[in-house]
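# A look at the structure
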Amino acid sequence: MNTPTSVRPAAKKDIVRGIVTTLLINGALPLLAYELLRSHMTSISALSIATLIPLLDNLYGLMKHRKLDVFAVFMLFSFILGLLMITMGGSEQLLLIRESFVTAIMGIIFLGSLFLPRPLIFYFAMRFTVGNDPQRTAVFAANWKYQYFRFVMRLMTAVWGIALLGEALVRTILVYRLTVTQFLALSNFVMYGFIGAAIIWTIYYRRHSQKKLREIIAREAK
């Protein structure tokens, strides 16, 4: 979602750069650090050191902008949860679907945020749309006064929560009904199918809702 004013090209570059940096700091770099360190120490020690990277980044962002980056915190939590699942071990079936435990918990968090003053997608949309620009952040946040905007944010949050839970449920059913070979052949299609469908729906629905919001704002401005 965005306001009637379009994002300037330079701003778009800054936003994309910020998203890539967030993914690297909160995902790729900690995973790389964990993989390099775990052969020289215990998994828990390697995990503790790896999580310092996104933790320090979050602390830096908190001191610089005086607010938490919800997207970065979400990425940090999912990364820690994923690595903890790796260290837990378990039966063959549990090992095969450990990623789905993470997506299930993420789905529950999405749906749980519907009971908060503002759902999770609101913060994600603000992060992806306006970055850390205080003026544009204020303009984006002001859209919350429109009932339609609030509906869109909650609907998107619900769709993502259901998609993540659906992925976890389907893969859990499959792991107990298929052979290991069959499951490995199909599991990634299920995972990326659910997530890909949610992404495609989000892109098209965002375009539709953005246009409708602009019309609502234009009508009220008359």
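Residues numbered from 1 in each chain as written. Predicted model: local features only at pLDDT ≥ 70, side-chain atom pairs only at ≥ 80, totals over all residues. Heavy atoms only, no water.

## Section: the overall build of the protein
Here is the rule: Segments assigned H or I by DSSP are reported as helices when at least four residues long, segments assigned E as strands when at least two residues long, and all are numbered from the N terminus. The criterion used for residue contact is that any of the two residues' heavy atoms lie within 4.5 Å. Residue-level accessible areas treat just the shown protein chains as cover; the underlying method is Shrake-Rupley with a 1.4 Å probe.
Check the secondary structure of the protein and you find 10 helices and 0 strands. Each helix and strand of the protein, ordered N terminal to C terminal, gives the series α-α-α-α-α-α-α-α-α-α. Pairs at least 24 residues apart make up 74% of the contacts formed inside the protein by residues separated by at least 6 positions. Accessible surface, the protein as shown: approximately 12,900 Å² in total, 69% of it carbon and sulfur.

## A word on the confidence of the model for the protein
Quick note on the threshold: pLDDT measures how confident the predictor is about each residue, on a scale from 0 to 100.
Residues with a pLDDT of 70 or more make up 64% of the protein, whose mean pLDDT is 76. Per-element confidence in the protein is highest for helix α9 (residues 147-175), whose mean pLDDT is 93, and lowest for helix α4 (residues 70-88), whose mean pLDDT is 62. Counting interchain partners and residues more than four positions distant, the pLDDT-below-50 stretch residues 2-10 has 21 contacts.

## What about the environment of Ser187?
Going by this rule: Here the term buried applies to any residue with accessible area under 20% of the maximum for its type, exposed to any over 50%, and partly exposed to those in between, with areas from a 1.4 Å probe on protein chains only.
Relative to the helices and strands, Ser187 is located in helix α10 (residues 180-221). On the accessibility criterion, Ser187 (4% relative accessible area) is buried. For Ser187 and Glu167, which are 20 residues apart along the polypeptide, the C-alpha to C-alpha distance reads 9.5 Å.

## Looking at the pattern of salt bridges
Where charged atoms of side chains with opposite charge meet at close range, the side chains can pair. Let me state the cut-off plainly: Whenever a carboxyl oxygen of Asp or Glu lies within 4 Å of a side-chain nitrogen of Lys or Arg, that contact is scored as a salt bridge.
A full pass over the atoms with the stated rule returns 1 salt bridge. Between Arg171 and Glu167 there is a salt bridge whose closest N-O contact spans 3.5 Å. Of this pair, Arg171 and Glu167 both sit in helix α9, 4 residues apart, which is roughly one turn of the helix. Residue class for Glu167 comes out buried when judged on its relative accessible area of 1%.

## Details of the packing of helix α6 (residues 98-112) against α9
Keep this limit in mind: Here the axes come from fitting lines to C-alpha atoms, over the contacting stretch only for helices, and the angles between their N-to-C directions go from 0 to 180 degrees. What sets the label is the angle itself: under 35 degrees gives roughly parallel, over 145 gives roughly antiparallel, 65 to 115 gives roughly perpendicular, and the rest give oblique. Two helices cross in a left-handed way if the nearer one is turned anticlockwise from the farther one by less than a right angle. They cross in a right-handed way if the turn is clockwise. Throughout, the ten residues Ala, Val, Leu, Ile, Met, Phe, Trp, Tyr, Cys and Pro are labelled nonpolar, Asp, Glu, Lys and Arg are labelled charged, and all others, Gly among them, are labelled polar.
Between α6 and α9, the shortest axis-to-axis distance is 8 Å and the interhelical angle comes to 155°. Classed by the angle they form, the pair α6 and α9 counts as roughly antiparallel. In this structure, α6 meets α9 at a crossing whose hand is left-handed. Where α6 approaches α9, its residues Glu99, Ser100, Thr103, Ala104, Met106, Gly107, Ile108, Phe110 and Leu111 are matched on the opposing element by Thr157, Ala158, Trp160, Gly161, Ile162, Leu164, Leu165, Glu167, Ala168 and Arg171. For the contact of α6 with α9, the residue count by class is 11 nonpolar, 5 polar and 3 charged.

## Considerations on the nonpolar core
As a reminder, the rule being used: The set of buried Ala, Val, Leu, Ile, Met, Phe, Trp, Tyr and Cys residues whose side-chain atoms join them within 4.5 Å is what this entry labels a nonpolar core.
If you look at the biggest cluster of nonpolar residues, it comprises 26 residues, and the most contacted ones within it are Phe110, Ile121, Phe122, Phe140, Phe149 and Met153. Of the residues forming this core, the biggest block, 8 residues, is contributed by α9.

## Some remarks on the side chain of Ser113
Within the secondary structure, Ser113 is located in the loop between α6 and α7 (120-130). The class for Ser113 is buried, based on a relative accessible area of 4%. Among residues more than four places away in sequence, those in contact with Ser113 are Arg118, Pro119, Leu120 and Thr157.

## Re a nonpolar patch on the surface
What counts here: Patch definition: residues above 30% relative accessible area lacking any salt bridge, with like charges linked at up to 9 Å and the nonpolar side chains Val, Leu, Ile, Met, Phe, Trp and Tyr linked at up to 5 Å.
Residues Leu24, Leu29, Leu32 and Leu36 make up a contiguous nonpolar surface patch of roughly 370 Å² in combined accessible area. Within the secondary structure, Leu24 is located in helix α1 (residues 9-37).

## What about the packing of aromatic side chains?
Think of a pair of aromatic rings as described by two things: how far the centres are apart, and how the planes are tilted against each other in angle. To be explicit about the condition: Here a pair means two rings of Phe, Tyr or Trp (six-membered ring of Trp) with centres within 6.5 Å. Their orientation is stacked below 30 degrees between planes, edge-to-face above 60, and tilted elsewhere.
In this structure the tally under the stated criterion is 9 aromatic pairs. Aromatic pair Trp201 and Tyr205: ring centres 4.8 Å apart, planes at 10°, arrangement stacked. Of this pair, Trp201 and Tyr205 both sit in helix α10, 4 residues apart, which is roughly one turn of the helix. In this structure Trp201 comes out as partly exposed when scored by relative accessible area, which is 27%.

## So, α6
Defined as follows: How far a helix is expected to stretch is found by multiplying one less than its residue total by 1.5 Å.
Taking 1.5 Å per residue, 15 residues should reach 21 Å; α6 reaches 21 Å between its end C-alpha atoms and fits that length. Considered for burial, the residues of α6 that qualify are Ser100, Val102, Thr103, Ala104, Met106, Gly107 and Phe110.

## A few points about the UniProt feature "transmembrane region" (unreviewed entry) in the protein
What counts is decided by this rule: UniProt positions are given in the numbering used here, feature names are shortened, and annotations may be inferred rather than shown by experiment.
Sites flagged by UniProt as "transmembrane region" (unreviewed entry) map to residues 15-34, 68-89, 101-126, 155-176 and 182-204. Taken end to end, residues 101-126 comprises 73% helix and 0% strand; its first and last C-alpha atoms sit 27 Å apart.

## Some remarks on the packing of α7 against helix α8 (residues 134-142)
Where α7 meets α8, the closest approach of the two axes is 10 Å, and the angle between their N-to-C directions is 140°. Taken as axis vectors, α7 and α8 run oblique relative to one another. Both α7 and α8 take part in a crossing whose hand is right-handed. Contacts from Phe122, Ala125, Met126, Thr129 and Val130 in α7 reach Arg136, Thr137, Phe140 and Ala141 in α8. Residue classes in the contact of α7 with α8 are distributed as 6 nonpolar, 2 polar and 1 charged.

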